Amino acid sequence: MDISEEHKKSKKGDYWGDLSIGSTTQYKTQKIEELIRRYFPPKCISILDIGSGGNCDHILRYRDQLGAERIACLDYDEKIIEQMKRQFPNEGIQWHVADIFGLQGFRERFDLVFLLDVLHEVYSFHGRSLRDPNEPIDSRRGLEYIVKAMENISGIVNPGGGIIITDNILPGENQPVKLRIKNTPSLDAVDYFLRNYPSRRFEGVSRESDLITIRAQDLSVLLTQYNKIKKEDLDRWRVERLEQHQYMTQKQYEEMFSRLGFKTHMIIETPDYVKEEQNQDFEIINGLTDFPKKRVTLLAIKG
């Protein structure tokens, strides 16, 4: 089965419900609003949400906050769009079923475009040349498609308008890191993850008893995934084992948007609740002074 079809099949209603509330959503909202308040022009007529994913609460929130007159939601999954139409029938939302690479024919332009935890799916799907869920992602190929996607999206942003991205981020450094795994559930989860994660090849990983040596960028991937296994949140694991949420470093974001004629503003940090869990489960022995920062919240303004 093609990975995008497998992905659609895996993401049930409960999955979207879990992602639309809770600590991660609260964190993203706080950081997005901080960037908008500090850097985005007060006038915003039109907003587009790409990869709406079953919930329009955030797009309605920013419509009301920014006084936008027109809002639109786009998703490649027709079933998701139909679901949202039923859920939000009286909000005046324009609905689009389209792939992120099918925007060339768009006549509309927008002042603000949201891509909330979407681009890692572009990287994960298109980085597999055979579109096979069991095929590891080719990072170079995945990044090429990220750039193509952003070239498409930049063309539908008005001058002075913005693009907001949230996702996980790769650390710029990639040296070996040695850690101690502090408890049996985390040890078992790490072992299971390394054996059963199809999306990335891990090279040079070694483990002896409760010690593991792993490169910094691989560690950032592991830290995103292991806790779903540890908590036996298998619905999340079945979906996200097909993805890699980290695809760019800070420098790569800055270089890409500079080429596209955008100025970038970023918040890169790890939410407190994530730090707490990491410190409960792991101790860094050497290679890093702290765990790789997890999340990027980015606002790019078109010049």
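Residues numbered from 1 in each chain as written. Predicted model: local features only at pLDDT ≥ 70, side-chain atom pairs only at ≥ 80, totals over all residues. Heavy atoms only, no water.

Colleague: What is the right way to read helix 12 (residues 272-281) from this model?
Modeller: In an α-helix there are 3.6 residues to a turn, and that puts residues three or four apart on one side. For helix 12, every residue scored as buried is listed here: Val-274, Glu-277, Gln-278 and Asp-281. Along the axis of helix 12, the buried positions cluster into a sector of 100 degrees, meaning they face one direction only. Along its buried surface, helix 12 packs onto strand 6 (176-181), helix 8 (184-196), helix 9 (216-230) and strand 10 (282-286). (Buried < 20%, exposed > 50% of the residue type's maximum accessible area, 1.4 Å probe, protein only. Helix = DSSP H or I, 4+ residues; strand = E, 2+ residues; numbered from the N terminus. Arc of directions from axis to C-beta. Contact = heavy atoms within 4.5 Å.)

Colleague: Would you explain the environment of Tyr-145 in this entry?
Modeller: Structurally, the position occupied by Tyr-145 is in helix 7 (residues 139-154). Spatially, the C-alpha atoms of Tyr-145 and Val-122 are 6.9 Å apart, while their sequence positions differ by 23 residues. For Tyr-145, the contacting residues outside a window of four places in its chain are Phe-101, Val-122 and His-126.

Colleague: Whenever I open this one, the pattern of salt bridges confuses me. Can you help?
Modeller: Pairs can form between side chains of opposite charge whenever their charged atoms are close. The final tally for this structure, using the stated rule, is 19 salt bridges. One salt bridge connects Arg-207 with Asp-191, and the closest N-O pair in it is separated by 2.8 Å. Pair noted here: Arg-207 is in strand 7 (residues 206-208) and Asp-191 is in helix 8, with a separation of 16 residues, a long-range link. Of the charged contacts in the structure, one is a salt bridge between Arg-236 and Glu-240, with a shortest N-O distance of 3.0 Å. With Arg-236 and Glu-240 both in helix 10 (residues 234-240) and four residues apart, the pair spans about one turn of that helix. The same class applies to Arg-236 and to Glu-240, which are both buried. A single salt-bridge network, built from bridges that share partners, covers Lys-31, Glu-34, Arg-38 and Glu-269. (Salt bridge = Lys/Arg side-chain N within 4 Å of Asp/Glu carboxyl O.)

Colleague: Would you take a moment to explain the nonpolar core for this structure?
Modeller: In summary, soluble globular proteins display a tendency toward joint burial of nonpolar side chains. One finds Leu-115, Met-150, Ile-163, Ile-165, Tyr-253 and Phe-257 to be the most contacted residues of the largest nonpolar core, which totals 37 residues. Of all the secondary-structure elements, those providing two or more residues to this core are strand 1 (46-50), strand 2 (70-75), strand 4 (110-116), helix 6 (119-126), helix 7, strand 5 (157-168), helix 11 (250-259) and strand 11 (295-302). Considering each element in turn, this core owes the most residues, six residues, to helix 7. Apart from residues lying up to four places away in sequence, Ile-163 is in contact with Val-113, Leu-115, Met-150, Ile-153, Val-157, Phe-257, Phe-262, Leu-298, Leu-299 and Ala-300. Core analysis: the next-biggest nonpolar cluster, separate from the first, contains 26 residues, Cys-44, Ile-59, Phe-88 and Ile-164 among them. (Core = buried A, V, L, I, M, F, W, Y, C linked by side-chain atoms within 4.5 Å.)

Colleague: Which parts of the structure should I look at to understand the sheet that holds strand 7?
Modeller: Strand pairing in a sheet takes place through backbone hydrogen bonds and is either antiparallel or parallel in direction. Strand order in the open sheet formed by four strands is 7-8-6-10, and the pairing between neighbours is antiparallel. Here the strands that pair on one side only, and so sit at the sheet edges, are strand 7 and strand 10. Direction aside, the axes of adjacent strands within the sheet are offset by 25 degrees on average. In terms of strand pairing, strand 6 meets strand 10 through four bridges, oriented antiparallel. Bridge pairing in strand 10 links Leu-179 to Ile-284. Running over the sheet, helix 8 touches strand 6, strand 7, strand 8 (211-215) and strand 10 and is turned about 135 degrees from strand 6. Along the sheet face, helix 12 touches strand 6 and strand 10 and points at about 70 degrees away from the line of strand 10. (Pairing = 2+ DSSP bridges. Axes fitted to C-alpha atoms, helices over the stretch in contact; angles between N-to-C directions.)

Colleague: For this particular structure, what's the right way to read helix 4 (residues 57-66)?
Modeller: Among the residues of helix 4, those classed as buried are His-58, Ile-59, Leu-60, Tyr-62, Arg-63 and Leu-66. Turning to helix 4, the residues buried within the fold contact helix 3 (23-39), strand 1, strand 2, strand 3 (93-97) and strand 4. Of the residues flanking the end of helix 4, it is Gly-67, one or two places downstream, whose phi is positive at about 70 degrees.

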